[in-house]
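Results of the structural survey
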Amino acid sequence: MYLELTEEQKIIQETARNFAAAELEPVAAQLDRGGDRQIYLDNLKKLAELGFMGLNVKEEYGGAEAGVVAFSVMMTEIARACAATAVTVTVNNMVSEVIQAIGTEEQKKRYIPKIGSGEYLAGAFGLTEPGAGSDPAGMTTTAVLDGDEWVLNGSKIFISSAPYAGVFVVWAVTDRDAPKGKGISCFLVEPCMPGFVIGKAENKMGQHASSTNEIIFQDCRIPRGALMGKLNDGFRIAVTELAGGRIGVGSLGLGIGLAAMDFATRYASERSQFGQKIANFQAIQWKIADIYTELEAARLLLMNAAFRKEQGKPFAKEASMAKMYATEAANRACCEALQILGGYGYTNDFPVERFYRDARITTIYEGTSEVQRMIIARETLRQFS
C-alpha cells in the first residue's frame, strides 16, 4: 500500500477540513447544548452538496466514486469539528453503499440519489432491538407477506437520524421456523408508510445534536418490492455489508481524538505553572508522545482497512482491528486531554469536555469493542485451523 494520499484524496480532505472549520466547529458547542436543530440539518444539506454523502457510490447513482480512503479521511476531518454531524454522514454513506450492493436497479435509482443530493437529509438503519443488540440474530421484529404487501410488527432502538431520515434499511424475521439467524430479511421502509411510528428520543451522554430514537412498526404495510436482496438472507447482509461502517466509525473516533489532543497540546504550550509552560514538564510531554503515537497507529490501521475494501480484498478483520483500536485510542486521547487541562477540562467552557462525551459511544455503536475482539480472534484462529 502506498501511504501518500492521491491528489483527489488530498482535495477531499482539504475541502472537508475547510468546511468543518468554517461551518461545523463554530456551532458545535451550541448544538450540543440544544441549539437550533435547523442549523444542524442545513449543514447536512451542505455536506450533500459537496458530495460527501456518497463518496464510495457510483456516479450513475449520484455518487462521487472517490473510494473508501477518501471517505475515511473526510470522516476524520468532519469529526474533528462535530462528531454529531459526522455520525449522520457515516450512516448516510453506509445506507447508500448497502443499497448499491444488494438493491435492485429500481431501488438504487429511487433512493441513492436522494441521499447523495440531500433531498433525503439522512438514511437510517433499523437493526438493533431492546433484546437484540450485539446479537442481532436474536431479533423479534417480524415481516409477514400479505398479498402484495409485507406487514411489519416490532420495534427497533438507538436509530440514528430517525426523525429526518427519508428511508430506513430494516431487518425483520420472515421465517420463524428457520434456525437462528437464517430466517431474517432486509427491507427498505419509508417513514410515510402506514403503521410506521417514530418513538421516543434518547437522552444521551454525548453527540446531542444527532437524534437517536426508537422506531415502531404497528402492522406497518410496505410494498412487496421493498424486499432488498434475497429472502431470508438478511442476516448475512447485516454481518458482511455493514463491516465497512466500522471504517467510518473508526475514522470518526480518530477525528475526535485528534481534536482533543490538538486542543490540549495548544493549551499546554500556553498554560504556565511553577514558572514555566506546562508543556515543558516531562509528565505532559509523555502524554503527548504516547497519545499522538496511538492516534497515528489508528490512522494507519484505518488506511489499511480502507485500502483493502477499496481494492476488493477481504477486509472484515482489518476493519474490526481499526475500529476497535481507533475508538479506544480516541477515548484514551480524550481522557488524557482532559487531564492536561485539569479542572478547566471538566467545564463546558472548553471543548474537551464535549469531546470526552462524544468519544465514549464510539467503542459501543457499530459493534462494541468486545464484539470486534470476537471477530478478530475468529478470523485469526481460522488461519490456524
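Remember, predicted model here, so these are calculated numbers, not experimental data. Throughout, a residue's number is its position along its own chain's written sequence, starting from 1. Two thresholds apply to this predicted model, a pLDDT of at least 70 for residue-level local features and 80 or more for giving and counting side-chain atom pairs, whereas whole-chain, interface and lining totals are computed over all residues. With hydrogens and water excluded, all non-hydrogen atoms of the structure serve as input to the side-chain values.

1. With respect to the pairing of strand β3 (residues 149-160)
With five bridges joining them, strand β2 (residues 142-146) and β3 adopt antiparallel strand pairing. Within β3, the position partnered with Ala143 by the bridge is Leu152. Counting the residues between successive antiparallel strands, the hairpin from β2 to β3 contains two residues, one of them, Gly147, with a positive phi of roughly 65°. Note: β3 against strand β7 (residues 212-223), nine bridges, orientation antiparallel. Opposite Ser160, over in β7, you have Thr212 as the bridge partner. Between any two strands, pairing holds if DSSP finds at least two bridges. By the criteria applied, helices consist of DSSP H or I runs no shorter than four residues and strands consist of E runs no shorter than two, each listed in order from the N terminus.

2. So, unusual backbone geometry
Notably, Ser161 is not glycine yet its phi reads approximately 70°, a positive angle. Along the chain, the position of Ser161 falls in the loop between β3 and β4 (165-173). Accessibility expressed as a relative area gives 0% for Ser161, which makes it buried. The phi dihedral of Gln207 is positive, around 45°, even though this residue is not glycine. Throughout this description, buried means an accessible area under 20% of the type-specific maximum (1.4 Å probe, protein chains only), exposed means over 50%, and partly exposed covers the range between.

3. A closer look at the packing of helix α7 (residues 244-270) against helix α8 (residues 282-310)
Close contact between α7 and α8 brings their axes to 10 Å; oriented N to C, the two are set at 155°. Taken as axis vectors, α7 and α8 run roughly antiparallel relative to one another. In the crossing of α7 with α8, the sense of the turn from one axis to the other is left-handed. Taking contact as the criterion, the partners of Gly244, Ile247, Gly250, Ser251, Leu254, Gly257, Leu258, Met261, Asp262, Thr265 and Ala268 in α7 are, on α8, Ile284, Lys287, Ile288, Ile291, Tyr292, Leu295, Ala298, Arg299, Leu302, Ala305, Ala306 and Lys309. In the contact of α7 with α8, the residues fall into 14 nonpolar, five polar and four charged. Axis geometry follows a simple rule: fit a line to the C-alpha atoms, using only the stretch in contact for helices, then measure angles between N-to-C directions, giving values from 0 to 180 degrees. For classification, angles of less than 35 degrees are called roughly parallel, those exceeding 145 degrees roughly antiparallel, those between 65 and 115 degrees roughly perpendicular, and all remaining angles oblique. Helix crossings fall into two classes, left-handed where the near helix is turned counterclockwise from the far one by less than a right angle and right-handed where it is turned clockwise. Throughout, a residue-residue contact means that at least one pair of heavy atoms, one from each residue, lies within 4.5 Å. Each residue gets one label: Ala, Val, Leu, Ile, Met, Phe, Trp, Tyr, Cys and Pro are nonpolar, Asp, Glu, Lys and Arg are charged, and the others, such as Gly, are polar.

4. Section: the nonpolar core
The nonpolar side chains of soluble globular proteins are, as a tendency, buried together. For the purposes of this section, nonpolar cores are sets of buried Ala, Val, Leu, Ile, Met, Phe, Trp, Tyr and Cys residues that join through side-chain atoms within 4.5 Å. Counting residues in hydrophobic clusters, the biggest one holds 96 residues, and the most contacted among them are Met74, Leu152, Phe168, Val189, Ile222 and Leu252. Looking at which element gives the most residues to this core, the answer is α7, with twelve residues. Discounting chain neighbours no more than four positions away, the residues touching Val189 are Leu152, Val167, Phe168, Val170, Phe196, Phe217, Cys220 and Ile222. One finds Tyr61, Tyr111, Met139 and Val169 within the second-largest nonpolar core, a separate group that totals 27 residues.

5. Notes on the packing of aromatic side chains
Centre distance within 6.5 Å is the pairing criterion for rings of Phe, Tyr and Trp, where only the six-membered ring of Trp is used; planes under 30 degrees apart are then read as stacked, over 60 as edge-to-face, and the remainder as tilted. This structure, assessed with the given rule, holds nine aromatic pairs. Their ring planes at 65° and their centres at 6.1 Å tell us that Tyr40 and Tyr164 sit as a pair that is edge-to-face. Taken together, the residues Tyr40 in helix α2 (residues 37-49) and Tyr164 in the loop between β3 and β4 connect sequence positions 124 residues apart. We classify Tyr40 as buried; its relative accessible area is 0%. On the basis of an interplanar angle of 90° and a centroid distance of 6.2 Å, the ring pair of Phe274 and Phe281 is categorised as edge-to-face. According to the relative accessible area criterion, Phe274 is exposed, its value standing at 78%. Classification of Phe281 as partly exposed rests on a relative accessible area of 26%. Each residue in the set Phe263, Tyr267, Tyr344 and Phe350 is aromatic and connected to the rest through ring pairs, giving one cluster. The rule is short: NZ of Lys or CZ of Arg within 6 Å of the ring centre and within 35 degrees of the ring normal puts a charge over the ring. In this structure, Arg332 packs its charged tip against the face of Tyr325, placed 5.8 Å from the ring centre.

6. A short note on the environment of Arg80
Its location among the elements puts Arg80 in helix α3 (residues 68-81). A residue is classified by how much of its surface remains accessible, and Arg80, at 28% relative accessible area, is partly exposed. Sequence-wise, Arg80 and Asp36 are 44 residues apart; in three dimensions their C-alpha atoms are separated by 21 Å. Arg80 has contacts with Gly255, Leu258, Ala259, Asp262 and Phe355, leaving out every residue within four places of it along the chain.

7. Quick notes on the side chain of Gln107
Take Gln107: it is sitting in helix α5 (residues 105-117). Engagement of the side chain of Gln107 in a polar contact is seen with the backbone nitrogen of Thr104, the distance being 2.8 Å. Beyond its immediate sequence surroundings of up to four residues, Gln107 is in contact with Ile99, Ile112, Leu188, Gly225, Ala226, Leu227 and Met228. Within 3.5 Å is the distance limit for a polar contact, defined as a pair of N or O atoms, with the added protein rule that one can donate a hydrogen and the other accept it, and that residues adjacent in sequence qualify only through two side-chain atoms.

8. What about the domain arrangement of the protein?
According to the domain assignment, the protein contains domain 1 (7-122), domain 2 (125-234) and domain 3 (235-382). The C-alpha centroid of domain 2 is placed 23 Å from the C-alpha centroid of domain 1. Taken residue by residue, the interface counts 24 residues in domain 1 and 20 residues in domain 2. Roughly 1900 Å² of surface becomes buried between domain 1 and domain 2 when both sides are summed, with 64% attributable to carbon and sulfur atoms. Salt bridge, as used here, is a side-chain nitrogen of Lys or Arg placed within 4 Å of a carboxyl oxygen of Asp or Glu. Applying the counting rule to domain 1 against domain 2 returns one salt bridge. Between Arg110 and Glu190 there is a salt bridge, and its shortest N-O distance comes to 2.8 Å. Going through the elements one at a time, α1 (7-32), α2, α4 (83-102) and α5 are the ones with two or more residues in the side of domain 1 that touches domain 2. Tallied by class, the residues present in the side of domain 1 that touches domain 2 amount to 18 nonpolar, three polar and three charged. Segmentation into domains, and thus their bounds, comes from an automatic or database assignment. Buried area counts how much accessible surface, traced with a 1.4 Å probe, disappears from two parts once they are put together, with both parts' losses summed.

9. Remarks on the UniProt feature "domain: Acyl-CoA dehydrogenase/oxidase N-terminal" (unreviewed entry) in the protein
According to UniProt, the feature "domain: Acyl-CoA dehydrogenase/oxidase N-terminal" (unreviewed entry) maps to residues 6-119 in the numbering used here. Split by type, residues 6-119 is 75% helix and 0% strand. Its first and last C-alpha atoms lie 30 Å apart. UniProt positions are given in the numbering used here, feature names are shortened, and annotations may be inferred rather than shown by experiment.

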